[in-house]
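# Summary of the model geometry
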Amino acid sequence: MKYLSVLFLFLSNCLLAQTKIAGTYDTKTQKFTPEDKNYNIQYFFKGYASVSDGKSSGIIDSTGTVIVPLIYDMTVSGFTENRAMVKKENLYGFANKSGKEVIPCIYDEAKGFSEGYAWVRKGEKWGRIDASGKENIPFKYETAGFSSEGMTRVRKDGKFGALNQKGQEVVPCIYDEIGFFKDGLAAATKGSKRGYVDKTGKTVVPFNYDIADDFKGGIAIVRNHNKCGLIDKTGKVVVPLIYDGMGSFDSDQSGLARVQIGNKWGFINKKGKEIVPCIYIKTNFFSEGLALIVTDKGESGYVDATGKLIIPFTKYTRAENFRNGKAEVRKGNDVFYINKQGQTVN
């Protein structure tokens, strides 16, 4: 018995001893090519990658040095807060950069560490542990671990709420659904209606809407009775719910959003003013300062963010957005490019 104990200790030390896998590392592609083709090396994350020999898995650094020994069924590439997720006999734990299994493989599921904590599941319930493996939040949630703006969405007894970074249930689990926090507010559902709550759990916008999107830039798209508009973070309606469709305010700083009345499209600004009237059968998002609009006669033109027609209407078979100063257009079978003055270019 004493001999077996000594042998086990010897083998354990051998496994933890750092060895190297011969090969070359390409700094541009961040790819390690082993000389021994029996090794399968995954992508590198912050200088570390999972490696498998076909039987077991570990983690190496960019020199090929084995950081976490190849004794696991699975390892996740790289370390987060000096913890890498490992899996053994279908259970999850964490190893550190010394190759030591600092949190044993006893969990049915696990998420990576963030801000000193990781969510883990035992059976059907989720809880939270710290870097030493100590339980920080009891195992009482049915779902957990998806965070935004310092708030973690959780579900308990079939209802949703949110925890702050301390693990306090500041938004009680009383909602049928809750989204991610954006601009300090989260859209939530009670019954068939949507509203918004803040990070203290206070209802900021009453549950009056059929659909409520995330806030972005202080405004959110809401919908009632198949009509949509915009509200601000106080719940004030800044664009009346008169539109049949509405896109988000695009990312090219035009400050406009596509809107639809019936089967016609146009653009509004964040105050609800129609910059381009809803008289076109098609409008594209702005790209490089211009947006494609198409009339009911099939003529295509391009407007700027003030609504001014920059490129006059032309009978194109098809027209695309601008990229690198050019837009691809088609007339019949002819395909060519135009510049922002509407001139044909190569």
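Everything below is about the structure printed above this text.
Residues numbered from 1 in each chain as written. Predicted model: local features only at pLDDT ≥ 70, side-chain atom pairs only at ≥ 80, totals over all residues. Heavy atoms only, no water.

## Some points on the sheet that holds strand β19 (residues 177-178)
Defined as follows: For two strands to be treated as a pair, DSSP must find no fewer than two bridges joining them. Numbering goes from the N terminus for both helices and strands, where a helix is a DSSP run of H or I of at least four residues and a strand is a run of E of at least two.
Spatially, β19-β20-β21-β22 is the arrangement adopted by the four strands of the open sheet, whose pairing is antiparallel. Only two strands of the sheet have a single partner each, and these edge strands are β19 and β22 (203-209). Note that strand β20 (residues 185-190) and strand β21 (residues 193-198) share six bridges and pair antiparallel. Within the sheet, the bridge partner assigned to A188 lies in β21 and is G195.

## A short note on the packing of aromatic side chains
Heads up, the condition is: Stacked, tilted and edge-to-face pairs are distinguished by plane angle, under 30 degrees for stacked and over 60 for edge-to-face with tilted covering the rest, among Phe, Tyr and Trp rings (Trp via its six-membered ring) whose centres lie within 6.5 Å. Exposure categories follow from relative accessible area, calculated using a 1.4 Å probe and restricted to protein chains: below 20% of the type maximum is buried, above 50% is exposed, and the middle band is partly exposed. Each ring is checked for a lysine NZ or an arginine CZ that lies within 6 Å of its centre and within 35 degrees of its normal; such an atom marks a charge sitting over the ring.
Following the criterion strictly, the structure yields eleven aromatic pairs and no others. Between Y25 and F44, the aromatic rings sit 4.9 Å apart at their centres with planes inclined by 65°, giving edge-to-face as the arrangement. One end of the pair, Y25, is in strand β1 (residues 23-26); the other, F44, is in the loop between β3 (40-41) and β4 (48-52), and 19 residues separate them in sequence. With centroids separated by 4.9 Å and ring planes inclined at 75°, the aromatic side chains of F94 and F113 adopt a geometry described as edge-to-face. Of this pair, F94 sits in strand β9 (residues 91-95) while F113 sits in the loop between β11 (109-110) and β12 (117-122), and the two are 19 residues apart along the sequence. With a relative accessible area of 1%, F94 lands in the buried category. For F113, a relative accessible area of 5% puts it in the buried group. Just above the ring of F207 sits the side chain of K190; from NZ or CZ to the centre is 5.3 Å. Cation over ring: R258 sits above F285, and NZ or CZ is 5.0 Å from the ring centre.

## Description of unusual backbone geometry
Although it is not a glycine, D183 adopts a positive phi angle of roughly 55°. Of note, D183 is situated in the loop between β19 and β20. D183 gets classed as partly exposed once you look at its relative accessible area, which sits at 29%. Its identity is not glycine, yet H225 carries a phi of approximately 50°, on the positive side. Of note, H225 is situated in the loop between β24 (219-224) and β25 (227-232).

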